Amino acid sequence: RKFPPIDLGVPTLDQVFRDKGLRYCVRMLKGSPDQTEIEFLRSNSKEFDVFFYFDHILDSMGHRAGGETGKLRAEIEMLDRFLKEAWKILGAEGGCEIVLFSDHGMTKVERTFDLFRALKDFTLGKDYLVFLDSSFGRFWFPDPQKRELIFNQLKDAPGRFLTREEREEYGLLFKDDRYGQEIMIADEGVVFHPNYISPSFFRTRNYPDRGTHGFWPEFPSSYGIFAYRGACWKPDDSREILAVDVYKIVCHILDEAFGK
């Protein structure tokens with residue numbers, strides 16, 4: 001419950017806040033911000049320079065309801081009301097900058113695929129090892145001779161193994177194989193079930209979530225959101241904002257707002 005939750009080994013925004021001597025408040029919300037949160041903001045608006053909110057409600061509701069925004073209308077409208085009120089409270093004199101961003105989108109679950117059943121002719125732990133989550137599988141091969149046989153067995157699966165070039169492009173080509181010797185990614189809308197992080201591992205139960213994420217970043221449903229209101233940052237164009245851009249943009253806003 002602290003920010004950041006783990007030691008990432010890279011520059012983080014809380015360190016930027018501290019380096020600039022800014023008073024900052026981190027709010028980990030259990031649901032979309034309601035009137036209570038608006039009152040907290042109003043009561044503490046003079047106590048802090050930066051408010052950092054983490055709201056997981058769109059993620060948790062997206063898993064349950066699916067990726068369509070219409071099914072998340074109530075949560076989106078609550079977030080919209082909070083941001084409008086925050087602007088009134090903090091930006092009445094033109095001194096407010098708001099950045100809204102997510103780390104991923106939400107994909108509607110169209111079907112499931114039982115990878116363990118597809119590999120029933122092979123012995124897990126002897127012929128292969130796999131850590132399987134909803135849309136991503138990391139493979140190891142204790143018996144290297146089984147690698148191509150397993151590749152062939154999965155050639156018609158609704159997914160594919162990443163090429164060396166793709167792993168390098170997306171930062172997955174590590175010096176060791178702790179992250180996996182091979183990586184398989186599911187097709188858009190397909191979920192591996194059972195998997196090790198599913199709400200239900202058992203085949204006797206249907207996969208419970210109607211939406212999930214972790215697919216190929218270039219699938220349309222994988223796109224997150226980025227929205228900004230303020231005066232300190234002027235985008236050059238309407239280009240897509242990469243996840244790695246958020247840190248740089250926030251740093252730029254802080255430099256302009258509080259001095260470098």
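That block above? That's the structure.
To keep things clear, this report deals only with the structure shown in the data block.

Cut-offs used in this document
All residue numbers refer to positions counted from 1 along the written sequence of the respective chain. pLDDT decides what is reported in this predicted model: residues at 70 or higher carry local features, side-chain atom pairs at 80 or more are listed and counted, and totals for whole chains, interfaces and linings draw on all residues regardless. With hydrogens and water stripped out, all remaining heavy atoms of the structure feed into the side-chain values. One requirement defines pairing of two strands: DSSP has to find at least two bridges between them. For the purposes of this entry, the term helix denotes a DSSP run of H or I that reaches at least four residues, the term strand denotes a run of E that reaches at least two, and both are numbered from the N terminus. Here an axis means a line fitted to C-alpha atoms, over the contact stretch when the element is a helix, while the angle between two N-to-C directions is reported on a 0 to 180 degree scale. Burial here depends on accessible area, computed with a 1.4 Å probe over protein chains only, as a share of the maximum for the residue type. Under 20% is buried, over 50% is exposed, and the range in between is partly exposed. Take the residue count of a helix, subtract one, and multiply by 1.5 Å to get its expected span. Oblique is the label for every angle not falling under 35 degrees (roughly parallel), over 145 degrees (roughly antiparallel), or within 65 to 115 degrees (roughly perpendicular). Residue contacts are defined here by distance: any two heavy atoms, one from each residue, within 4.5 Å place the two residues in contact. Note on residue classes: Ala, Val, Leu, Ile, Met, Phe, Trp, Tyr, Cys and Pro are nonpolar, Asp, Glu, Lys and Arg are charged, and everything else, Gly too, is polar. A side-chain nitrogen of Lys or Arg and a carboxyl oxygen of Asp or Glu constitute a salt bridge if their distance falls within 4 Å. Starting at the helix axis, one direction is taken to each C-beta atom, and the arc is that of these directions. Here, the term nonpolar core denotes a set of buried Ala, Val, Leu, Ile, Met, Phe, Trp, Tyr and Cys residues that are joined through side-chain atoms within 4.5 Å.

**Some details on the sheet that holds strand S8 (residues 159–161)**
- Overall, antiparallel pairing links the four strands, which are arranged S6-S7-S9-S8 in an open sheet. Only two strands of the sheet have a single partner each, and these edge strands are strand S6 (129–132) and S8. Neighbour to neighbour, the strand axes of the sheet diverge by 20 degrees on average, direction disregarded.
- Direction of pairing for S6 relative to strand S7 (residues 136–140): antiparallel, over a ladder of four bridges. Bridge pairing links Phe 131 to Arg 138 in S7.

**As for the environment of Leu 172**
- Considering the arrangement of structural elements, one finds Leu 172 in the loop between helix H7 (164–169) and strand S9 (182–186).
- Residue classification places Leu 172 among the buried residues on the basis of a relative accessible area of 14%.

**Quick look at helix H8 (residues 243–258)**
- Here H8 contains 16 residues, and its C-alpha end-to-end distance of 24 Å stays within 8% of the 22 Å for a straight helix at 1.5 Å per residue.
- Those residues of H8 not exposed but buried are Asp 245, Val 246, Ile 249, Val 250, Cys 251, Ile 253 and Leu 254.
- Gly 259, located one to two residues past H8, shows a positive phi value of around 90 degrees.

**Overview of the packing of helix H3 (residues 57–65) against helix H4 (residues 73–90)**
- For the pair H3 and H4, the least separation of the axes is 10 Å and the interaxial angle reads 170 degrees. In terms of their interaxial angle, H3 and H4 are classed as roughly antiparallel. Contacts between H3 and H4 involve Ile 57, Leu 58 and Met 61 from the first element and Glu 75, Ile 76 and Leu 79 from the second.
- Of the residues belonging to the contact of H3 with H4, the class tally is five nonpolar, no polar and one charged.

**A few points about the pattern of salt bridges**
- Tallied over the full model, the rule gives 19 salt bridges.
- For Arg 138, the salt bridge is made with Asp 133, and the minimal N-O distance between the two is 3.8 Å.
- Residue classification places Arg 138 among the buried residues on the basis of a relative accessible area of 14%.
- Judged by its relative accessible area of 14%, Asp 133 is buried.
- A cluster of three or more residues bridged by salt bridges with shared partners is formed by Glu 39, Arg 42, Glu 85 and Lys 88.

**Details of H4**
- Given a rise of 1.5 Å per residue, 18 residues ought to cover 26 Å, and the 25 Å separating the end C-alpha atoms of H4 matches this to within 8%.
- Taken residue by residue, H4 has Glu 75, Leu 79, Phe 82, Ala 86, Trp 87 and Ile 89 as its buried positions. The buried residues of H4 all sit within an arc of 165 degrees when viewed along its axis, so they share a single face. Exposed and facing more than 90 degrees away from the buried side of H4 are Arg 73 and Lys 88.
- On its buried face, H4 is in contact with helix H2 (35–44), strand S2 (50–55), H3, strand S3 (98–101) and strand S12 (226–229).

**Remarks on unusual backbone geometry**
- With omega at 5 degrees, the peptide bond leading from His 193 into Pro 194 counts as cis.
- Tracing the backbone through its elements, the reader meets Pro 194 in the loop between strand S10 (190–192) and strand S11 (211–212).

**Re the nonpolar core**
- Membership of the largest hydrophobic core comes to 20 residues, with the highest contact counts inside it found for Leu 115, Leu 119, Tyr 128, Phe 139, Leu 154 and Met 184.
- Among the secondary structure elements, those contributing two or more residues to this core are helix H5 (115–118), S6, S9 and S10.
- Residue contributions to this core peak at three residues, all from H5.
- Beyond its immediate chain neighbours, meaning those up to four positions away, Phe 139 contacts Leu 115, Leu 119, Tyr 128, Leu 129, Val 130, Leu 154, Phe 161, Gly 180, Gln 181, Glu 182 and Met 184.
- Grouped together as the second largest cluster of nonpolar side chains are 10 residues, Leu 22, Phe 52, Val 246 and Leu 254 included.

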